[in-house]
Amino acid sequence: MAFRIVAGCTNCWACLPLCPQEAIRAAAPHFQIDAARCTECVGDFADPQCASICPVEGAIVDATGRPLNPPGSLTGLSPERIAAPSTF
Ligand code: SF4
Ligand code: SF4
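Residues numbered from 1 in each chain as written. Chains lettered and ligands numbered in written order. Predicted model: local features only at pLDDT ≥ 70, side-chain atom pairs only at ≥ 80, totals over all residues. Heavy atoms only, no water.

## Observations regarding the environment of Cys41
Item 1. By secondary structure assignment, the location of Cys41 is in the loop between strand S3 (32–33) and helix H1 (49–53).
Item 2. Taking relative accessible area as the criterion, Cys41 reaches 7% and is therefore assigned buried.
Item 3. Residues Cys41 and Phe3, 38 residues apart in the sequence, show an inter-C-alpha distance of 10.0 Å.
Item 4. Residues in contact with Cys41, not counting those within four places in the same chain, are Pro20, Asp47, Pro48 and Gln49. (Helix = DSSP H or I, 4+ residues; strand = E, 2+ residues; numbered from the N terminus. Buried < 20%, exposed > 50% of the residue type's maximum accessible area, 1.4 Å probe, protein only. Contact = heavy atoms within 4.5 Å.)

The following block contains the structure:
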């Protein structure tokens, strides 16, 4: 039961101080979650703190690879709209 940070992470540092388990560490090429420490915040918070603060859609995934902040969840823009050519 642990989440992972993946390639979309921009190393912004926002999540690191919020983790109640000190499971997040700065690393190259992007931050990492120590699977042995991550509890998915169960017992500490109602929502996973890293995903709650993360500004990048898709940067944190669950054990099945599902993004906690999927495309469109933060921007309000659908993946189709983002992929569409600009009309400007
Ligand atoms: S889900 Fe909670 S315990 Fe796991 S890395 Fe994120 S903030 Fe830390
Ligand atoms: S908040 Fe998101 S983008 Fe920022 S360091 Fe954490 S995982 Fe990476």
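Additional details are given in the paragraphs that follow.
## Notes on the packing of aromatic side chains
Item 1. What the rule picks out here adds up to one aromatic pair.
Item 2. Taking the centre distance of 5.1 Å and the plane angle of 85° together, the rings of Trp13 and Phe31 count as edge-to-face. Of this pair, Trp13 sits in the loop between strand S1 (4–5) and strand S2 (24–25) while Phe31 is found in the loop between S2 and S3, placing the two residues 18 residues apart along the sequence. (Phe/Tyr/Trp six-rings, centres within 6.5 Å; stacked < 30°, edge-to-face > 60°.)

## Topic: the site of ligand 1
Item 1. Close to ligand 1 lie 13 residues, the nearest being Phe3, Cys19, Cys38, Cys41 and Cys50.
Item 2. Tallied by class, residues from the shell around ligand 1 come to nine nonpolar, three polar and one charged. (Near = heavy atom within 4 Å. Nonpolar A, V, L, I, M, F, W, Y, C, P; charged D, E, K, R; others polar.)

## Notes on the site of ligand 2
Item 1. Taken together, 13 residues sit near ligand 2, with Cys9, Thr10, Cys12, Cys15 and Cys54 positioned nearest.
Item 2. Residue classes in the shell around ligand 2 are distributed as 11 nonpolar, two polar and no charged.

## Some thoughts on the pattern of salt bridges
Charged atoms that come close allow side chains of opposite charge to pair.
Item 1. Under the criterion given, the structure shown has one salt bridge.
Item 2. Notably, a salt bridge pairs Arg66 with Asp62, separated by 3.1 Å at the nearest N-O pair.
Item 3. Judged by its relative accessible area of 48%, Arg66 falls in the partly exposed class.
Item 4. Judged by relative accessible area, which is 10%, Asp62 ranks as buried. (Salt bridge = Lys/Arg side-chain N within 4 Å of Asp/Glu carboxyl O.)

## Section: the nonpolar core
For soluble globular proteins, nonpolar side chains are generally found buried alongside one another.
Item 1. Counting residues in each nonpolar core, the largest one holds 18 residues, and the members touching the most others are Ile5, Ile24, Ile33 and Ile60.
Item 2. Setting aside residues no more than four positions away along its own chain, Ile60 makes contact with Phe3, Arg4, Ile5, Ile33, Cys50, Ala51, Cys54, Arg66, Pro67, Leu68 and Asn69. (Core = buried A, V, L, I, M, F, W, Y, C linked by side-chain atoms within 4.5 Å.)

## Side note on the environment of Asp34
Item 1. Residue position: Asp34 is located in the loop between S3 and H1.
Item 2. Of the residues examined, Asp34 reaches a relative accessible area of 35% and is grouped as partly exposed.
Item 3. Here the alpha-carbon distance between Asp34 and Leu18, two residues 16 residues apart in the chain, equals 14 Å.
Item 4. A polar side-chain atom of Asp34 sits 2.9 Å from the main-chain amide nitrogen of Ala36. (Polar contact = N/O pair within 3.5 Å; in protein donor to acceptor, adjacent residues only side chain to side chain.)

Just geometry here; none of it tells us what the structure is for.
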